[in-house]
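Structural characterization, general
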Amino acid sequence: MAANEEDSTLFKLEFACSDLRTLLQSSVQMEKSLEEMERNFDFIDESLSTAAKRVAPLQSLAMAAKALETRINRAVSPALALLHSFKLSESLQNKLIELSNKLSTEKNPRKRLKKLLKYVECVDQLNAAINLISRDGEPMIQKLQEVVEFLSRTKAADQYRTQRLKETLITVKALYESEVDDMRFDGLLDEALLNLQDEFEIMLQKMKHQNIGEQQADKEADQTVVSDLGTDMEIQVVRRIAETLAANDCMDICIDIFVKVRYRRAAKALMRLNPDYLRTYTPEEIDEMEWESLETAISLWIQHFELALKTVFVSEKKLCKQVLGGLPEVLVWLECFVKIADKIMAVFFRFGEGVARSNKEPQKLFKLLEMFDSLEKLKVEFSEIFEGESGADICIRFRELEKLLVHASSKVFWEFGLQIEGTSDGFPPPQDGSVPKLVRYALNYLKHLTTETYSAYMAKVFRTEQVWKAGILSKSETDENLLQDAISNIMEALQRNIESKSSRYKDKILTHIFVMNTYWYIYMRSRNTELGKLLGDQYMKQKYKTVAEESAYMYQRQAWDPLVRLLEKEDLIEQDNDSRGTGALARGKMEAFFTCFDEISRRHRGGYNIPDADLRAQIREATVKLVVPVYSEFLNAHSSLLPVKSYVSPESLERLLAQVFNGTDPTGNGRLKRRDSNNRVPGRNSVSVEGEFRNPRRSRSNSIDV
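Residues numbered from 1 in each chain as written. Predicted model: local features only at pLDDT ≥ 70, side-chain atom pairs only at ≥ 80, totals over all residues. Heavy atoms only, no water.

**Structural notes on the overall build of the chain**
- Counting its secondary structure elements, the chain contains 23 helices and 0 strands.
- Split into buried and exposed, the 706 residues of the chain put 42% on the buried side.
- If you take every contact in the chain between residues at least 6 apart in sequence, the share linking residues at least 24 apart comes to 83%.
- Counting only carbon and sulfur atoms, one obtains 51% of the accessible surface of the chain, whose full area is about 38,700 Å². (Helix = DSSP H or I, 4+ residues; strand = E, 2+ residues; numbered from the N terminus. Buried < 20%, exposed > 50% of the residue type's maximum accessible area, 1.4 Å probe, protein only. Contact = heavy atoms within 4.5 Å. Areas by Shrake-Rupley, 256 points an atom, 1.4 Å probe, with all protein chains shown as cover.)

**Points about the packing of helix α4 (residues 188-206) against helix α7 (residues 251-271)**
- Put simply, α4 and α7 touch, their axes get as near as 9 Å, and they point 20 degrees apart. Comparing their axes, α7 and α4 come out roughly parallel. Every pair of crossing elements has a handedness; the one defined by α4 and α7 is right-handed. Only Ile253, Cys254, Ile257, Phe258, Lys260, Val261, Arg262 and Arg265 of α7 make contact with α4, whose side of the interface consists of Gln197, Phe200, Glu201, Leu204 and Gln205.
- For the contact of α4 with α7, the class distribution of residues is 7 nonpolar, 2 polar and 4 charged. (Axes fitted to C-alpha atoms, helices over the stretch in contact; angles between N-to-C directions. Parallel < 35°, antiparallel > 145°, perpendicular 65-115°, else oblique. Left-handed = near helix turned anticlockwise from the far one by under 90°. Nonpolar A, V, L, I, M, F, W, Y, C, P; charged D, E, K, R; others polar.)

**Points about the environment of Tyr263**
- For Tyr263, the location among the structural elements is in helix α7.
- Look at Tyr263 and you get partly exposed, because its relative accessible area is 28%.
- It is 9.1 Å that separates the C-alpha atoms of Tyr263 and Phe337, two residues lying 74 residues apart in sequence.
- Aside from chain neighbours lying at most four places away, what touches Tyr263 is Ile340, Lys343 and Ile344.

**Some remarks on the pattern of salt bridges**
- Under the counting rule described, the total for this entry stands at 25 salt bridges.
- Among the salt bridges present, the one from Arg496 reaches Glu421, with a minimum N-O distance of 2.7 Å. Pair noted here: Arg496 is in helix α15 (residues 479-502) and Glu421 is in helix α12 (residues 392-422), with a separation of 75 residues, a long-range link.
- Within the structure, one salt-bridge network assembled from shared partners comprises Glu376, Lys379, Glu402 and Lys460. (Salt bridge = Lys/Arg side-chain N within 4 Å of Asp/Glu carboxyl O.)

**Structural notes on α4**
- Here α4 spans 27 Å end to end across 19 residues, near enough to the 27 Å set by a 1.5 Å rise per residue.
- Buried residues of α4: Leu188, Leu189, Ala192, Leu193, Leu196, Gln197, Glu199, Phe200, Met203 and Leu204, and no others. (Expected span 1.5 Å × (residues − 1).)

**Digging into the nonpolar core**
- Grouped together as the largest cluster of nonpolar side chains are 175 residues, with contacts concentrated most on Phe200, Trp301, Phe386 and Trp560.
- Beyond its immediate stretch of four places on either side in the chain, Trp301 contacts Tyr277, Leu278, Phe348, Phe351, Gly352, Met371, Ser374, Leu375 and Leu401. (Core = buried A, V, L, I, M, F, W, Y, C linked by side-chain atoms within 4.5 Å.)

**A short note on a positive patch on the surface**
- Side chains of Lys95, Arg110, Lys111, Lys114 and Lys118 sit close together on the surface and give a patch of like positive charge.
- Top contributing element to the positive patch by residue count: helix α2 (residues 109-154), with 4 residues.
- One can find Lys95 in helix α1 (residues 2-105).
- Lys95 sits in the partly exposed class, given a relative accessible area of 39%. (Patch = residues over 30% accessible without salt bridge, like charges linked within 9 Å, V, L, I, M, F, W, Y side chains within 5 Å. Lys, Arg positive; Asp, Glu negative; His and termini not counted. Charge placed at Lys NZ, Arg CZ, Asp CG, Glu CD.)

**Structural notes on the packing of helix α10 (residues 332-357) against α12**
- It is the contact of α10 with α12, at a shortest axis distance of 10 Å, that shows an interaxial angle of 10 degrees. Here α12 runs roughly parallel to α10, going by the angle between their axes. Facing α10, whose interface residues are Val338, Asp342, Ala346, Phe349, Arg350, Gly352, Glu353, Ala356 and Arg357, α12 presents Ile394, Arg397, Phe398, Leu401, Leu404, Leu405 and Ala408.
- Classifying every residue of the contact of α10 with α12 by side-chain character gives 10 nonpolar, 1 polar and 5 charged.

**A closer look at helix α23 (residues 650-662)**
- Here α23 spans 18 Å end to end across 13 residues, near enough to the 18 Å set by a 1.5 Å rise per residue.
- If you check which residues of α23 are buried, you get Pro650, Ser652, Leu653, Leu656, Leu657, Val660 and Phe661.

**Some remarks on the side chain of Lys360**
- Topologically, Lys360 is positioned in the loop between α10 and α11 (364-385).
- Buried charge without a partner: Lys360 forms no salt bridge, and the closest opposite charge is Glu415, 6.8 Å away.
- Among the polar contacts listed, one links the side chain of Lys360 to the backbone oxygen of Ala356, at a separation of 3.2 Å.
- Polar side-chain contacts of Lys360 include one of 2.9 Å to the backbone oxygen of Ser358.
- When sequence neighbours within four positions are dropped, the list of residues in contact with Lys360 reads Ala408, Lys411, Val412, Glu415 and Gln419. (Polar contact = N/O pair within 3.5 Å; in protein donor to acceptor, adjacent residues only side chain to side chain.)

**A short note on the side chain of Thr623**
- Relative to the helices and strands, Thr623 is located in helix α22 (residues 613-637).
- On the basis of relative accessible area, Thr623 is assigned to the buried category, the value being 0%.
- Polar side-chain contacts of Thr623 include one of 2.7 Å to the backbone oxygen of Ile619.
- Non-local contacts of Thr623, meaning those with residues more than four positions away in its chain, are made with Gln556, Trp560, Val628, Leu657 and Phe661.

**Thoughts on the confidence of the model for the chain**
- Taken as a whole, the chain shows an average pLDDT of 78; of its residues, 72% reach a score of 70 or greater.
- Confidence drops under pLDDT 50 across residues 217-222; counting only partners more than four residues distant or on other chains, this segment forms 6 contacts.
- Within the model, the stretch residues 665-701 combines pLDDT values under 50 with 80 contacts to residues more than four positions away or in other chains. (pLDDT = per-residue confidence, 0-100.)

**Brief notes about a negative patch on the surface**
- Side chains of Asp252, Asp256, Glu329, Glu335 and Glu389 sit close together on the surface and give a patch of like negative charge.
- Turning to its location among the elements, Glu389 is positioned in the loop between α11 and α12.

**Observations regarding the packing of aromatic side chains**
- Taken as a whole, this structure holds 31 aromatic pairs when the rule is applied.
- Taken together, a centroid distance of 6.5 Å and an interplanar angle of 35 degrees make the contact between Phe305 and Phe398 tilted. Linking Phe305 in helix α9 (residues 291-324) with Phe398 in helix α12, this pair joins segments that are 93 residues apart in sequence.
- The class for Phe398 is buried, based on a relative accessible area of 3%.
- Ring centres 6.4 Å apart and planes at 25 degrees place the aromatic pair Phe593 and Phe597 in the stacked group. Here the residue Phe593 and the residue Phe597 both occupy positions in helix α21 (residues 579-607), the gap between them amounting to 4 residues, near one helical turn. For the pair formed by Phe593 and Phe597, the shared burial category is buried.
- Through a chain of ring-to-ring contacts, three or more aromatic side chains come together here, namely Trp301, Phe305, Phe313, Phe337, Phe348, Phe349, Phe382, Phe386 and Phe398.
- Above the face of the Tyr263 ring, Lys343 is positioned so that its terminal group lies 5.4 Å from the ring centre. (Phe/Tyr/Trp six-rings, centres within 6.5 Å; stacked < 30°, edge-to-face > 60°. Lys NZ or Arg CZ within 6 Å of the ring centre and 35° of its normal.)

Structure follows, in structure tokens:
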């Protein structure tokens, strides 16, 4: 058992030794192989070093070739694009020539507009191509310059090729610098832009205003008339032309053409209204005009100002926005519109200013008020049309004209009152006691002023002036009170004028006739009118009717009372015992009565005048009631002492009195004659006296109380 184990151990040991021997042999063999490999590696390293020294120049050439390739590609791509742009430019120029020829031969307006639109599009495309050439040319030349410099520096190409590239670069650079400028400024593009300027001007000239006079007649007066000056196609074409010109540095030229043409068109449209009156505009020239001519001129100015604003300028503003609204400068169209309107508005403004600054004659007030009212109605619309900073100067001048008209209207009114008072000493009163022309004029003037048409304008003038003087926060009176106070002042001035004139009569009877006539005229012509309503019924009766009644009473007293007193019976009562003496006294009284009657009749026919028929009838009636009953009673009472057949009857006396007040001469020579036998007075016992004067009193009737 033990032996077996020992044998096994030895076997294993021998096997291990055998393995060690084998490993030792392998190690020796490996060492030999390693030495051989080392020798081989040394050889390979030596070979690689030799190869590396031989390949190094080729690596430099490869790197240079790669760099050259990169630079060539960077230069070739832009060059190809530039060549394409040149080809496109040439093609577009040929197309432009073709379109130009077609455009010149086309007669149909609509087809021509379409061709013109294509022409504009072609010009835009040519401009874009030239801009592309201009933009890409310099970078391409720069990149080509880099290639040439690289070749010169690296000597990647032979000297011949490098020199040829340098010459090519110089040629391309010179060509670019000259050709691009020629294409832009001296070539077909420049010629096309000149053609577009001509087309732009021609098309703008064709856009005419309709007959604005007829156009306005078909519209309401307060309605703005906006008419299109061109068709949609025409507007589209001129807008595209304007945008094309602006894109080619021709915006100033475009604006100049637009303003020049449209100003002429607008002015020509207004000239159809024949506004020759606008040639006269200085205050001195206006003062020399006949009033009828000036009145007509102002009326035309009001109409034409509104027409210009609501038709011509509204249409022109719309056209400006349609055509020039797409330009780079956003508000340039507003500036152009203001330039078009400015000169025309200046002509209107200077006429209005001339009228406002001219002499302040009374008759001008109504036209000044009409001018002021027309501006007030147009104020909001005017501000909307001339909006923004561009229209500020025109709006300022508009407001200045309004101020001038307010001041002028107010000054004319107050100077009218001063003129009424100032004529007290300058003009004598009427010789026959009739109503003075000044009173008639002043009353008609004030009646006209207080009508619905002018009262609101005048009140607005007073209120506006009050606000300017006292400030907007001042306590303002109502329009009616302002106008009432102003009119009352004029009426008081008129009263002072009448009182001054009445004091210049030497004949006291004529004084009363004058005052009666004048105040009765004022009262009757004012009542039931806007003037009377404004001043008030109580005011009119107190100031005028009462004074007229008082004067009528004084007239009766001084003109006819002396005649009546001649037939007093007191003297005859004292002579009752002496019939002869009584008869002589009665005849003497009758003779005195006839003489006095003749004198009074003569004075009435020659120097007294009561022009108002109603007033004259009332005075005649009152005189008849005063004189005829007394005469009849005296004649009847002394019929036994008087040759009754020798005197006129009471009825005939009444007719004679009627003739006295009617202004006729019943006898042919101005003397009252005794009647013949046919004029015998019917027998009567007594006649009551009804002609006694009553004290003046107020009355609601239209009659005058005497």
